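Coordinate inspection notes
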Amino acid sequence: MKRFIKNHKILSFILLVVLAAILSVALFIYAKLSKISYHDGTIEEEIALENVEIIENEEVQSSNQVEEVIEHSEMISDDELAQLDEMEVILSDDVPVVDEDVFNILLLGTDERTAEFSTNARADSIMLLSLDKSNNTMKLVSLQRGMGVPVLEGQYKDQYDWITHIFRYGGADLMLKTVRDMFNVDVEYYVRVNFNTFTQLIDSVGGVDIELTELEAQGLNGEVKTNARAKHMMYAGMNHLDGYDALQYSRLRYTDSDWQRVQRQRNVIHEVMVKAKNMGILELNNSLDTVLPLIQTNLSKTDIVGLVSYFPAVLGGEFEQMTIPASGTYGSMKGMGNRTL
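Residue positions are given per chain, counting from 1 as you read along its sequence in written order. Local features are withheld for residues below a pLDDT of 70 in this predicted model, meaning they are given only at 70 or higher, and side-chain atom pairs are given and counted only at 80 or more; totals for whole chains, interfaces and linings count all residues. By convention in this description, side-chain values take in all heavy atoms of the structure and omit both hydrogens and water.

**Quick look at the overall build of the protein chain**
Scanning the protein chain from N- to C-terminus turns up 11 helices and 11 strands. When the 341 residues of the protein chain are sorted by exposure, 43% land in the buried category. Intrachain contacts of the protein chain at a sequence separation of at least 6 include 73% that bridge at least 24 residues. Accessible surface, the protein chain: about 18200 Å² in total, of which carbon and sulfur atoms supply 56%. Secondary structure elements are taken from DSSP: a helix is a run of H or I of four residues or more, a strand is a run of E of two residues or more, and numbering for both begins at the N terminus. Each residue is placed in one exposure class: buried if its accessible area under a 1.4 Å probe, protein chains only, is under 20% of its type's maximum, exposed if it is over 50%, and partly exposed if it falls in between. In what follows, a contact means two residues having at least one pair of non-hydrogen atoms within 4.5 Å. A 1.4 Å probe and the Shrake-Rupley method give the accessible areas. Residues count as covered only by the protein chains that appear here.

**Regarding the confidence of the model for the protein chain**
Caution applies to low-pLDDT regions: their predicted coordinates should not be interpreted in detail. For every residue, the predictor states its confidence as a pLDDT score lying anywhere from 0 to 100. The pLDDT averaged across the protein chain works out to 78; a share of 76% of its residues lies at or above 70. Mean pLDDT in the protein chain bottoms out at helix H3 (residues 63–73), which sits at 40, and peaks at strand E9 (residues 237–241), which reaches 95. Every residue in residues 59–74 scores below 50 in pLDDT, and together they form 28 contacts with partners more than four places removed in sequence or on other chains.

**Quick look at the packing of helix H6 (residues 195–204) against helix H10 (residues 281–291)**
Here an axis means a line fitted to C-alpha atoms, over the contact stretch when the element is a helix, while the angle between two N-to-C directions is reported on a 0 to 180 degree scale. Where H6 contacts H10, the two axes come as close as 9 Å, and the packing angle between them is 170 degrees. With respect to their mutual orientation, H6 and H10 come out roughly antiparallel. Residues Gln-200, Leu-201 and Ser-204 of H6 touch H10, and the partners they reach there are Ser-287, Thr-290 and Val-291. For the contact of H6 with H10, the per-class residue count stands at two nonpolar, four polar and no charged. In what follows, roughly perpendicular refers to angles from 65 to 115 degrees, roughly parallel to angles under 35, roughly antiparallel to angles over 145, and oblique to any angle outside these ranges. Residues were grouped as follows: Ala, Val, Leu, Ile, Met, Phe, Trp, Tyr, Cys and Pro as nonpolar; Asp, Glu, Lys and Arg as charged; and all remaining residues, including Gly, as polar.

Structure representation (structure tokens):
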């Protein structure tokens, strides 16, 4: 009997230790996830209308604004435009395909230069991250920001504009609806960062190693016309980029086309994932403390915990990339502000 009581006490003590450990882990995870900015992605109608007016009447007041106006008005080159035919819009009546084993997240990079998120921002980078839990694979699809899409809600409903401007018309919520309706993708969640977040994210993982072409290196060195300039000297071949230089690499234009530009963005994201996978606990903890407060999402804490549980398997699996639209699969039309879509 005494032996039974003693064993019972030992078992109870072990259970208490295990329970305390589980509770500590849960509190740690909760504290980390509490750093994230949770938002349903909607913006008030009055603010959306103000943002539309900014787009329609945007005035150029500095050289930086000149660059931004040029960058957003030349989505594809004149040579590419000359080869396009005017086409009628064809809308699909299909409904999004739902697969319980596939989890889709819309990744949005908005063009603020500050730590704070703003409603007066464009979705400068738009990607769809698709995680296949059954096959442990991951797909990253870039959506060209210069694609023409209908405005689904608001005063300008049924007019057409670049998909990058849809964020100003209705925030992440309208971006999600647009991607669902236009591409028949079952996506309900978004994660948003901005230029400031991007820089700090890269620095928090110790930078990324990126292989540059000779033309990309020349562009980042200011040797040919571009919109981006690195702080450090770049060379053709493998280069180690800090946050600032990685952002310039991701934004690099005019040296080639927007197809290469979105490929560069995916290259950086892939390298960040590789670095994060190989980080130690202390390094990862410090990185999370830096980055999590700079993220906005409509994922719940429960959703995030569920994703984290199978992310290691997905990271170790196949990684596929692509861009929409593919070359030769689109035409042109005129949209709001007489913009070529």
